[in-house]
Amino acid sequence: MGILERIAEIENEMARTQKNKATMGHLGLLKARLAKLKRELIEPKGGGGGAGEGFDVAKTGDARIGFVGFPSVGKSTLLSNLAGVYSEVAAYEFTTLTTVPGCIKYKGAKIQLLDLPGIIEGAKDGKGRGKQVIAVARTSSLIFIVLDVLKPLQHKRLIEYELEGFGIRLNKNPPNISFRKKDKGGINLTATVAQSELDMDTVKTILGEYRIHNADITLRLDATAEDLIDELDIIYKIPHCVPISAHHKWNFDDLLEKMWEYLNLTRIYTKPKGQLPDYNAPVVLKSGSTTVEDFCNKLHRSIIKEFKYALVWGSSVKHQPQKVGKEHVLQDEDVVQIVKKV
């Protein structure tokens, strides 16, 4: 039985299963198996599958943005006008057949842009090259869903449906779940709020499908099986809409500002002792990794071994400058001077 047939079989079984306390564990198992099968559909096992010719683009810069949309909605025009990269453009469908990369520099950060081939309805079921498009989309820090304003907004719903078919959740924050894998000790489940769906047996069943038998799980919300599966699959976010005209280059400023807001990058400027800060080449840190130690490791991993303290100027400190340790959390456009051990 092929992957698509197995997916259909599980979806049918889920539809037939009545949802109640007694079936929660079984439904959780089915949902975990469904998520794994859909992941296999876009990430074939073995070395020969891959994303396909033209899809394997090396990551560069500080973040990656994928342009997703139906054929001939202006993705190539938008990329060309934003980044000055030529991607064949024509007023008919399926002009772009491979991934075309470009790069822009915005607020000191290097952002890679990917013009992906036009998605088609049924991509989540393996039609056309939709599964390869979505596979690349999952590697992106951010997704731009590009829509033709002259075509119905039904296209937006169809694309959202195709993306959600592969577990890419739309306009949602990641579930407030902490997950830490360990070598031994079994499954330890902690819930800070009452749970209406997940209990220890259901959690163990879902984790077992991922071959995880030793882990610490903390639930800080009334979580569903999908929330836990999303945490295990490391699901990406999709932003809200910004109206633009790729042809007339209208509203690009708003688009780039929205991009910057959702990427949530932090720029840190270096200041060598006795010199002015270097404002031309910031060190760009990703969300959640903005401590002084993260800054040192981004410069060079050997620096932290010689680290004594840091002097920081900016909004993260009360005094200008202020002496801080490696655990100090930096904020955007802070200036940092590292002082090493003698």
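Everything that follows concerns the structure shown earlier in this document.
Residues numbered from 1 in each chain as written. Predicted model: local features only at pLDDT ≥ 70, side-chain atom pairs only at ≥ 80, totals over all residues. Heavy atoms only, no water.

Novice: How would you sum up the side chain of Thr-23? Please name residues and give values.
Specialist: In this structure, Thr-23 sits in the loop between helix H1 (3-16) and helix H2 (24-42). A residue is classified by how much of its surface remains accessible, and Thr-23, at 17% relative accessible area, is buried. From its side chain, Thr-23 meets the backbone nitrogen of Asn-20 in a polar contact 3.0 Å long. Once residues lying within four places of it in the same chain are set aside, the contact partners of Thr-23 are Thr-17 and Gln-18. (Helix = DSSP H or I, 4+ residues; strand = E, 2+ residues; numbered from the N terminus. Buried < 20%, exposed > 50% of the residue type's maximum accessible area, 1.4 Å probe, protein only. Polar contact = N/O pair within 3.5 Å; in protein donor to acceptor, adjacent residues only side chain to side chain. Contact = heavy atoms within 4.5 Å.)

Novice: For the pattern of salt bridges, give the residues involved together with the corresponding values.
Specialist: Pairs can form between side chains of opposite charge once their charged atoms are near each other. Within the structure shown, the criterion is met by 9 salt bridges. Lys-31 is paired through a salt bridge with Glu-197; the nearest N and O atoms lie 3.8 Å apart. Placement of Lys-31 in helix H2 and of Glu-197 in the loop between strand E6 (187-191) and helix H6 (200-209) is noted, with a sequence separation of 166 residues between them. For Lys-31, a relative accessible area of 13% translates into the label buried. (Salt bridge = Lys/Arg side-chain N within 4 Å of Asp/Glu carboxyl O.)

Novice: Explain the pairing of strand E7 (residues 215-219) residue by residue, including any values.
Specialist: Burial runs high along E7: 5 of the 5 residues are buried. Because side chains alternate across E7, one face comprises the buried residues Ala-215, Ile-217 and Leu-219, and the other comprises Asp-216 and Thr-218, equally buried. Pairing analysis gives 5 bridges linking strand E5 (residues 177-181) to E7, with the strands arranged antiparallel. Across the sheet, Phe-179 pairs through a bridge with Ile-217, a residue of E7. Pairing geometry for E6 and E7, over 5 bridges, is parallel. Paired with Asn-188 across the strands is Asp-216, a residue of E7. In the classification by handedness, the crossover that spans E6, the intervening H6 and the parallel E7 is left-handed. (Pairing = 2+ DSSP bridges. Right-handed = clockwise from strand over helix to strand, strands pointing away.)

Honestly, that's just the spatial picture; any functional story needs more than this.
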